[in-house]
Amino acid sequence: MGVVRFSVVTAFPEYFHAFLNTSIVGKAIKEGKIEVEIVNLRDFAQNSYGQIDDYSYGGGGMVIMPEPLYKALESIKSDKAYVVYPSPQGVILTQDVVEALAAKDHVILICGHYEGIDERFVEKCVDLEISIGDYVLTGGELPAMVIIDAVSRLIPGVVGKKEAVLEDSFYKGMLDYPHYTRPAEWNGIQVPEELTSGDHERTARWRMRQAALRTLSRRPDLLPRAGIRPYLSRGIYVMLVHHPVLNKNDEVVTSAVTGLDLHDISRSCMTYGVDKFLVITPLKSQRDMIHKITAHWERASKEGLNPMRSEALNLVKTFNSIEFAIMWIKRREKEKPFIVATTAKKRKGAIPWLELKRTILEQDAPLCLVFGTSWGLADEIFNQVDAVLDPILGGYGEYNHLSVRSAVAVALDRFFGSR
Ligand code: 9D3
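Please read these numbers as outputs of a predicted model, since none were measured by experiment.

**Some remarks on the overall build of the chain**
- From N to C terminus, the chain includes 16 helices and 17 strands.
- For a compact globule of 419 residues, the expected C-alpha radius of gyration is about 22 Å, and the chain comes in at 29 Å, more than 25% above that figure.
- Viewed in the frame of its principal axes, the chain has a C-alpha envelope of about 95 × 60 × 50 Å.
- Counting across all 419 residues of the chain, residues that qualify as buried make up 45%.

Next comes the structure, spelled out in structure tokens:
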């Protein structure tokens, strides 16, 4: 995050006086964390009348002329400035755009007024047009301040540590929970009991729940990109089934456990916040082999070798049937988990990924995602689960043969990854 410098070209410098001397932005400037220079467009006027605008060709209002803008821009000393023009025709300002700007060394903001600025200047000098939303303002000054404000708070040390932590990827893409301060009762309205109880865990759970419910009801559009794992209070389980599964002739068989699946899926589970990786095989010899592998890495970790690998493999738990695994989850969670089967084939009644993501967040129930090895889960499984997911489609051609560990990674990213 390298921005230290903003230059603003404007015909109304007074707009910025209070902004640059107030609150967090004012303090950041005083402390030298950012630098904001205001360039008065009138100083680069065409004539002694201070003319900077003229009638629009083809009729309409006034348009800022290209030459004063160009002279103003030339007056700003910089080798690698990024030129932004706040305009109703721009890309909508989102946090992604703010983050991109925060990576620049020098951002120049060109404030339009009246009907706008001459398009030839835009063509020749502007790197990006940015709109701050679909409503009509009188000029680009307020948008310029919005951009400076949003970018500044990303610069280390500009906002306090507490707030900065809130900005962590942890909270990314979801709405905030409601806030309260004293008095505990105001106008007959009580502060929610969860916040005054002094029980930190209960407070945290309540806040995450509020954030989830608000996001679902007010901004469901945020859901596809939101990382929801921190908002779920119950366990998430990935189940890898080696029996009953199909072979290539659609016969029910028992498949072999592979070391690759064990290592790779447990690492994916660890990465996305899965609580346990349940490996199902009715063969005792196979379960023994799994224990041998996990014990090996456990020992390696105790000897100071690859502790991360053993941490991930700690998630592995073996069962000789799906039923036993579900019983174990039920006992651990004191509740029946929501069981979801995955499949590479189209099945009627299957639900889209986003719908399941919404359901998981809404219900906050324990979740068990079931993956079949070999040619997929046997038919009998699909009648016993709460939902079946649409297959993962690459969006290209008919070929649809992901390895099960790739499918697990894609599935976990769709539900719990934040983008
Ligand atoms: C008559 C057509 N209008 C375009 C929608 C003309 C017009 C309206 C408002 C031309 C310029 C402006 C001034 N607005 C900005 O400079 C502006 C703006 C905005 O109005 N809304 C959201 N974001 C921005 S960024 C700059």
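**Details of the domain arrangement of the chain**
- Taken domain by domain, the chain holds domain 1 (4-162), domain 2 (185-226) and domain 3 (233-416).
- Measuring from the centre of the C-alpha atoms in domain 1 to the corresponding centre in domain 2 gives 37 Å.

**Comments concerning the packing of helix 14 (residues 353-363) against helix 16 (residues 404-416)**
- The N-to-C vectors of helix 14 and helix 16 enclose an angle of 55 degrees; their axes lie 9 Å apart at closest approach. Taken together, the axes of helix 14 and helix 16 lie oblique to each other. Note on packing geometry: the crossing formed by helix 14 with helix 16 is right-handed. From helix 14, Trp-353, Leu-356, Lys-357 and Ile-360 reach across to helix 16, where they touch Ala-411, Arg-414 and Phe-415.
- Broken down by class, the residue content of the contact of helix 14 with helix 16 amounts to five nonpolar, no polar and two charged.

**Quick word on the packing of aromatic side chains**
- Taken as a whole, this structure holds four aromatic pairs when the rule is applied.
- Each ring, one from Tyr-237 and one from Trp-328, has its centre 6.2 Å from the other, and the planes form 90 degrees; the classification is edge-to-face. Placement of the pair is Tyr-237 in strand 10 (residues 236-241) and Trp-328 in helix 13 (residues 322-333), with a sequence separation of 91 residues. The burial state of Tyr-237 is the same as that of Trp-328; both residues are buried.

**Some words on the site of the ligand**
- Inspection of the region around the ligand gives 16 residues, with Ile-132, Gly-133, Tyr-135, Leu-137 and Gly-139 positioned closest.
- At 3.0 Å, a backbone N or O of Ile-132 approaches a nitrogen atom of the ligand.
- A distance of 3.3 Å separates an oxygen atom of the ligand from a polar atom in the backbone of Gly-140.
- Coverage of the ligand by the protein chains reaches 75% of its 570 Å² of free accessible surface.

**Concerning the sheet that holds strand 5 (residues 82-92)**
- Ordered by their spatial adjacency, five strands build an open sheet running 2-1-6-5-7, and the pairing between neighbours is parallel. With one partner strand each, in any of the chains shown, strand 2 (35-40) and strand 7 (128-131) form the two edges of the open sheet. On average, adjacent strands in this sheet sit at an angle of 30 degrees to one another, irrespective of strand direction.
- Alignment of strand 1 (residues 5-10) against strand 6 (residues 106-110), held across five bridges, turns out to be parallel.

**Some remarks on the side chain of Thr-318**
- Mapped onto the elements of the fold, Thr-318 is located in strand 14 (residues 316-319).
- Thr-318 sits in the buried class, given a relative accessible area of 15%.
- For Thr-318, the side chain forms a polar contact with the side chain of His-291, separated by 2.9 Å.
- For Thr-318, the contacting residues outside a window of four places in its chain are Val-279, Arg-287, Ile-290 and His-291.

**Concerning the environment of Gly-235**
- Checked against the element boundaries, Gly-235 lands in the loop between helix 9 (200-218) and strand 10.
- For the pair Gly-235 and Tyr-85, spaced 150 residues apart in sequence, the C-alpha to C-alpha distance is 48 Å.
- When residues no more than four places from it in sequence are discounted, the contact partners of Gly-235 are Arg-229, Asp-275, Glu-333, Pro-366 and Leu-367.

**Considering the pairing of strand 13 (residues 276-280)**
- With five of its five residues buried, strand 13 lies for the most part within the structure.
- Side chains Lys-276, Leu-278 and Ile-280 project from strand 13 onto one buried face, and the interleaved Phe-277 and Val-279 project onto a second face that is buried too.
- Alignment of strand 10 against strand 13, held across five bridges, turns out to be parallel. Opposite Val-238, over in strand 13, you have Phe-277 as the bridge partner.

**Quick notes on the pattern of salt bridges**
- All told, the structure shown has 19 salt bridges when counted by the stated rule.
- One salt bridge in this structure joins Lys-27 and Glu-31, with 3.4 Å as the shortest N-O distance.
- The partner of Arg-405 in a salt bridge is Asp-261, and the shortest N-O contact between them spans 3.2 Å. Taken together, the residues span a long stretch of sequence, with Arg-405 in helix 16 and Asp-261 in helix 10 (residues 259-272) at a distance of 144 residues.
- A relative accessible area of 6% means that Asp-261 is categorised as buried.
- Ionic contacts of the salt-bridge type, sharing partners, join the residues Lys-27, Glu-31 and Lys-33 into one network.

**Regarding unusual backbone geometry**
- With omega at 5 degrees, the peptide bond leading from Arg-182 into Pro-183 counts as cis.
- Its place among the elements puts Pro-183 in the loop between helix 7 (161-166) and strand 8 (185-186).
- Along the chain, His-243 connects to Pro-244 via a cis peptide bond; the corresponding omega equals 0 degrees.
- Mapped onto the elements, Pro-244 comes out in the loop between strand 10 and strand 11 (245-246).
- Non-glycine residue Asn-187 carries a positive phi angle of around 55 degrees.
- Inspection of the secondary structure assignment puts Asn-187 in the loop between strand 8 and strand 9 (189-190).
- Phi at Asn-306 is positive, roughly 40 degrees, even though this residue is not glycine.
- Summarising the element assignment, Asn-306 is placed in the loop between helix 11 (284-302) and helix 12 (307-313).

So, how was this worked out
- Residues numbered from 1 in each chain as written.
- Predicted model: local features only at pLDDT ≥ 70, side-chain atom pairs only at ≥ 80, totals over all residues.
- Heavy atoms only, no water.
- Helix = DSSP H or I, 4+ residues; strand = E, 2+ residues; numbered from the N terminus.
- Rg over C-alpha atoms; globule rule 2.2 N^0.38 Å.
- Buried < 20%, exposed > 50% of the residue type's maximum accessible area, 1.4 Å probe, protein only.
- Domains from an automatic or database assignment.
- Axes fitted to C-alpha atoms, helices over the stretch in contact; angles between N-to-C directions.
- Parallel < 35°, antiparallel > 145°, perpendicular 65-115°, else oblique.
- Left-handed = near helix turned anticlockwise from the far one by under 90°.
- Contact = heavy atoms within 4.5 Å.
- Nonpolar A, V, L, I, M, F, W, Y, C, P; charged D, E, K, R; others polar.
- Phe/Tyr/Trp six-rings, centres within 6.5 Å; stacked < 30°, edge-to-face > 60°.
- Near = heavy atom within 4 Å.
- Polar contact = N/O pair within 3.5 Å; in protein donor to acceptor, adjacent residues only side chain to side chain.
- Areas by Shrake-Rupley, 256 points an atom, 1.4 Å probe, with all protein chains shown as cover.
- Pairing = 2+ DSSP bridges.
- Salt bridge = Lys/Arg side-chain N within 4 Å of Asp/Glu carboxyl O.

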